[in-house]
Amino acid sequence: MDGKLRIKISIADRVYPLTVEPAQEEGLRSASKKIDAMIKQFEENYAVRDKQDVLAMCALQFASQVEQKQIDNAIDGEETIERIKRLNTLLDQYLEK
């Protein structure tokens, strides 16, 4: 267990003991706080009694954010490639003169 930390993360009023790399600790703690905040928001805004339903909605929300970010990055990547191609064309035209 060299270099690893033993931490406890609380999500939805349950404690989860974890063994993590030190570089992961801050991200895990931040994620658990965001999950708990989202749970509270869903419970306040919707008539949800079952924690499993709330957790499923949180999972869907986070997964959709990740998917959307990947879609956005793919679109940005394609636009960047097109810009580079246009620049290459302009450079080729300039160098041919």
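An unreviewed UniProt entry annotates the protein as Cell division protein ZapA of Flavobacterium tagetis.

## A short note on the overall build of the protein
Helix and strand counts for the protein come out as 2 helices and 2 strands. Of the regular secondary structure in the protein, the N- to C-terminal order runs β-β-α-α. A compact globule built from 97 residues would reach a C-alpha radius of gyration of about 13 Å, whereas the protein, at 22 Å, exceeds it by more than 25%. Projected onto its principal axes, the C-alpha positions of the protein cover 70 × 45 × 15 Å. Expressed as a percentage of its 97 residues, the buried residues of the protein come to 11%. Nonlocal contacts in the protein, meaning residues at least 24 apart in sequence, comprise 20% of its contacts between residues at least 6 apart. Summing over all exposed atoms, the protein offers an accessible surface of approximately 8300 Å²; the carbon and sulfur share of this is 54%. Distance between charge centres in the protein, computed from 15 positive and 18 negative side chains, equals 5 Å.

## Observations regarding the packing of helix H1 (residues 22–45) against helix H2 (residues 51–96)
At a minimum axis distance of 10 Å, the contact between H1 and H2 shows a crossing angle of 120°. When the interaxial angle is binned, H1 and H2 end up oblique. In this structure, H1 meets H2 at a crossing whose hand is right-handed. Of H2, the residues touching H1 (which contributes Lys34, Ile35, Met38, Ile39, Phe42 and Glu43) are Lys51, Val54, Leu55, Met57, Cys58, Gln61 and Phe62. Here the contact of H1 with H2 is composed, by residue class, of 9 nonpolar, 1 polar and 3 charged.

## Side note on the pairing of strand E2 (residues 14–20)
Two faces, one strand: in a regular strand the side chains alternate between the faces of the sheet. Direction of pairing for strand E1 (residues 5–11) relative to E2: antiparallel, over a ladder of 7 bridges. Looking at E2, one finds that serine 10 is bridged to valine 15. Count of turn residues in the E1/E2 antiparallel hairpin: 2 residues, of which alanine 12 carries a positive phi of about 55°.

About the criteria used
Residues numbered from 1 in each chain as written. Predicted model: local features only at pLDDT ≥ 70, side-chain atom pairs only at ≥ 80, totals over all residues. Heavy atoms only, no water. Helix = DSSP H or I, 4+ residues; strand = E, 2+ residues; numbered from the N terminus. Rg over C-alpha atoms; globule rule 2.2 N^0.38 Å. Buried < 20%, exposed > 50% of the residue type's maximum accessible area, 1.4 Å probe, protein only. Contact = heavy atoms within 4.5 Å. Areas by Shrake-Rupley, 256 points an atom, 1.4 Å probe, with all protein chains shown as cover. Lys, Arg positive; Asp, Glu negative; His and termini not counted. Charge placed at Lys NZ, Arg CZ, Asp CG, Glu CD. Axes fitted to C-alpha atoms, helices over the stretch in contact; angles between N-to-C directions. Parallel < 35°, antiparallel > 145°, perpendicular 65-115°, else oblique. Left-handed = near helix turned anticlockwise from the far one by under 90°. Nonpolar A, V, L, I, M, F, W, Y, C, P; charged D, E, K, R; others polar. Pairing = 2+ DSSP bridges.

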